[in-house]
Amino acid sequence: MDTTPHTELPRIAVIIGSTRPGRRTDQVAAWVHRAATEHLRGRAVVATVDLADQDLPLLDEPLPAAVGGYRHPHTRRWAEVIGSFDGFVFVVPEYNHSAPAAVKNAIDYLFAEWNDKTAGFVSFGIHGGVRAVEHLRLVLAETKTACVRTTVALNLFTDFDLPDVRQEGAFAPAAFHEPALHRMFDEVLAWSEALRPLRAARAS
């Protein structure tokens, strides 16, 4: 599949990496999208991709993703979505010391569409969601995705107004996260542009 960008500007996807009803991830992703749109204005196109909208069942392709030859319409639709971007910002909570199953499943569906692109991370949880990010770094390395160093780690109890953990609460990030968020955007953009020749070589 042709994974070259659809515009002259690099295309960056903010991926909402949880599908749980009552999730907080969409609040965080909205903040990331607004910040990225403002910070990267004129330098990149930013869009949000919500895994809950993709209708991906548990991986059901008969062949490994690295072989290609996707059989199912939902896989081909997902490949087209991911293939249209040059870089990604994954917004993920931490579930049981790891990333949500939905985002791992979504990654496993594809291979070439992730190749020679870049990823940054915004995570949250009781301990900032850092273990979810570390697991995703290992997974994405196998798909030839370059993961940037800077991560934004949000604390469930200090970056949310959360009087009752059973409720969604309201996202209220501390101001000190913003410089790290901007640094992460800059790294994602720089690596996306640096890897453009490799993507172009595969598409030719």
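So, a few notes on the structure that sits alongside this text. (Residues numbered from 1 in each chain as written. Predicted model: local features only at pLDDT ≥ 70, side-chain atom pairs only at ≥ 80, totals over all residues. Heavy atoms only, no water.)

1. Overview of helix 4 (residues 130–142)
Next, step 1: For helix 4, spanning 13 residues, the distance from its first C-alpha to its last is 19 Å, which sits close to the expected 18 Å at 1.5 Å a residue.
Next, step 2: Those residues of helix 4 that fall on the buried side of the exposure criterion are Ala132, Val133, Leu136, Arg137, Val139 and Leu140.
Next, step 3: Phi turns positive one or two residues past the end of helix 4, at Lys144, with a value near 60°. (Helix = DSSP H or I, 4+ residues; strand = E, 2+ residues; numbered from the N terminus. Expected span 1.5 Å × (residues − 1). Buried < 20%, exposed > 50% of the residue type's maximum accessible area, 1.4 Å probe, protein only.)

2. Remarks on the nonpolar core
Next, step 1: Val28, Trp31, Val32, Val122, Leu181 and Phe185 are the most contacted members of the largest nonpolar core, which has 29 residues in total.
Next, step 2: Taken together, the elements giving at least two residues each to this core come down to strand 1 (11–16), helix 1 (25–39), strand 3 (87–93), strand 4 (117–125), strand 5 (145–155) and helix 5 (177–194).
Next, step 3: Apart from residues no more than four positions distant in its own chain, Phe185 is found in contact with Val32, Ala35, Ala36, His39, Leu40 and Val89.
Next, step 4: Listed in part, the 28 residues of the second largest apolar core include Ala13, Trp78, Phe90 and Ala132. (Core = buried A, V, L, I, M, F, W, Y, C linked by side-chain atoms within 4.5 Å. Contact = heavy atoms within 4.5 Å.)

3. Thoughts on the sheet that holds strand 2 (residues 45–50)
Next, step 1: Strand order in the open sheet formed by five strands is 2-1-3-4-5, with parallel pairing between adjacent strands. In this open sheet, the two edge strands, each paired with only one partner strand, are strand 2 and strand 5. The mean inter-strand angle of the sheet, taken between neighbouring strand axes irrespective of direction, is 20°.
Next, step 2: Both strand 1 and strand 2 contribute to a ladder of six bridges, which runs parallel. (Pairing = 2+ DSSP bridges. Axes fitted to C-alpha atoms, helices over the stretch in contact; angles between N-to-C directions.)

4. Looking at the side chain of Arg23
Next, step 1: Relative to the assigned elements, Arg23 resides in the loop between strand 1 and helix 1.
Next, step 2: Once residues within four sequence positions are removed from consideration, Arg23 is found in contact with Ile16, Ser18, Asp50, Ala52 and Glu168.

5. Some words on the packing of helix 5 against helix 6 (residues 196–203)
Next, step 1: Axis separation between helix 5 and helix 6 bottoms out at 4 Å; the angle between their running directions is 40°. One element, helix 5, and the other, helix 6, form an angle in the oblique class. Of the residues in helix 6, those in contact with Ser192, Glu193 and Ala194 of helix 5 are Arg196, Pro197 and Arg199.
Next, step 2: Class assignment for the residues of the contact of helix 5 with helix 6 results in two nonpolar, one polar and three charged. (Parallel < 35°, antiparallel > 145°, perpendicular 65-115°, else oblique. Nonpolar A, V, L, I, M, F, W, Y, C, P; charged D, E, K, R; others polar.)

6. Things to note about the side chain of Ser192
Next, step 1: Residue position: Ser192 is located in helix 5.
Next, step 2: On the basis of relative accessibility, which here comes to 0%, the residue Ser192 falls in the buried class.
Next, step 3: Polar side-chain contacts of Ser192 include one of 2.7 Å to the backbone oxygen of Val188.
Next, step 4: Residue contacts for Ser192: discarding those within four places in its chain leaves Ile12, Asp86, Gly87, Thr118 and Arg199. (Polar contact = N/O pair within 3.5 Å; in protein donor to acceptor, adjacent residues only side chain to side chain.)

7. A look at the packing of helix 3 (residues 101–108) against helix 4
Next, step 1: Where helix 3 contacts helix 4, the two axes come as close as 11 Å, and the packing angle between them is 10°. Comparing their axes, helix 4 and helix 3 come out roughly parallel. Here Val103, Lys104 and Ile107 of helix 3 come into contact with helix 4, specifically with Leu136, Val139 and Leu140.
Next, step 2: Each residue belonging to the contact of helix 3 with helix 4 can be placed in one class, and the counts come to five nonpolar, no polar and one charged.

8. With respect to the layout of surface pockets
Next, step 1: Of the volumes computed, that of the largest pocket is approximately 210 Å³.
Next, step 2: Around the largest pocket sit 16 residues that line it, and Glu94, Phe124, Gly125, Ile126 and Leu156 are the ones nearest its centre.
Next, step 3: Across the lining of the largest pocket, the residue classes tally to five nonpolar, six polar and five charged.
Next, step 4: Estimates place the volume of the second largest pocket at around 160 Å³.
Next, step 5: Lining the second largest pocket are 14 residues, with Ala65, Ile107, Asp108, Leu110 and Phe111 sitting closest to its centre.
Next, step 6: Every element with two or more residues in the lining of the second largest pocket is listed here: helix 3 and helix 4.
Next, step 7: Split by residue class, the lining of the second largest pocket holds ten nonpolar, one polar and three charged. (1 Å grid on protein atoms, 1.4 Å probe; cavity = no way out; pocket = protein on both sides within 12 Å on 5 of 7 lines; lining within 4 Å. Points joined across faces, edges and corners; volume = space filled by probe spheres on them.)

Note that every value here comes from positions in space, so none of it alone points to a role or purpose.
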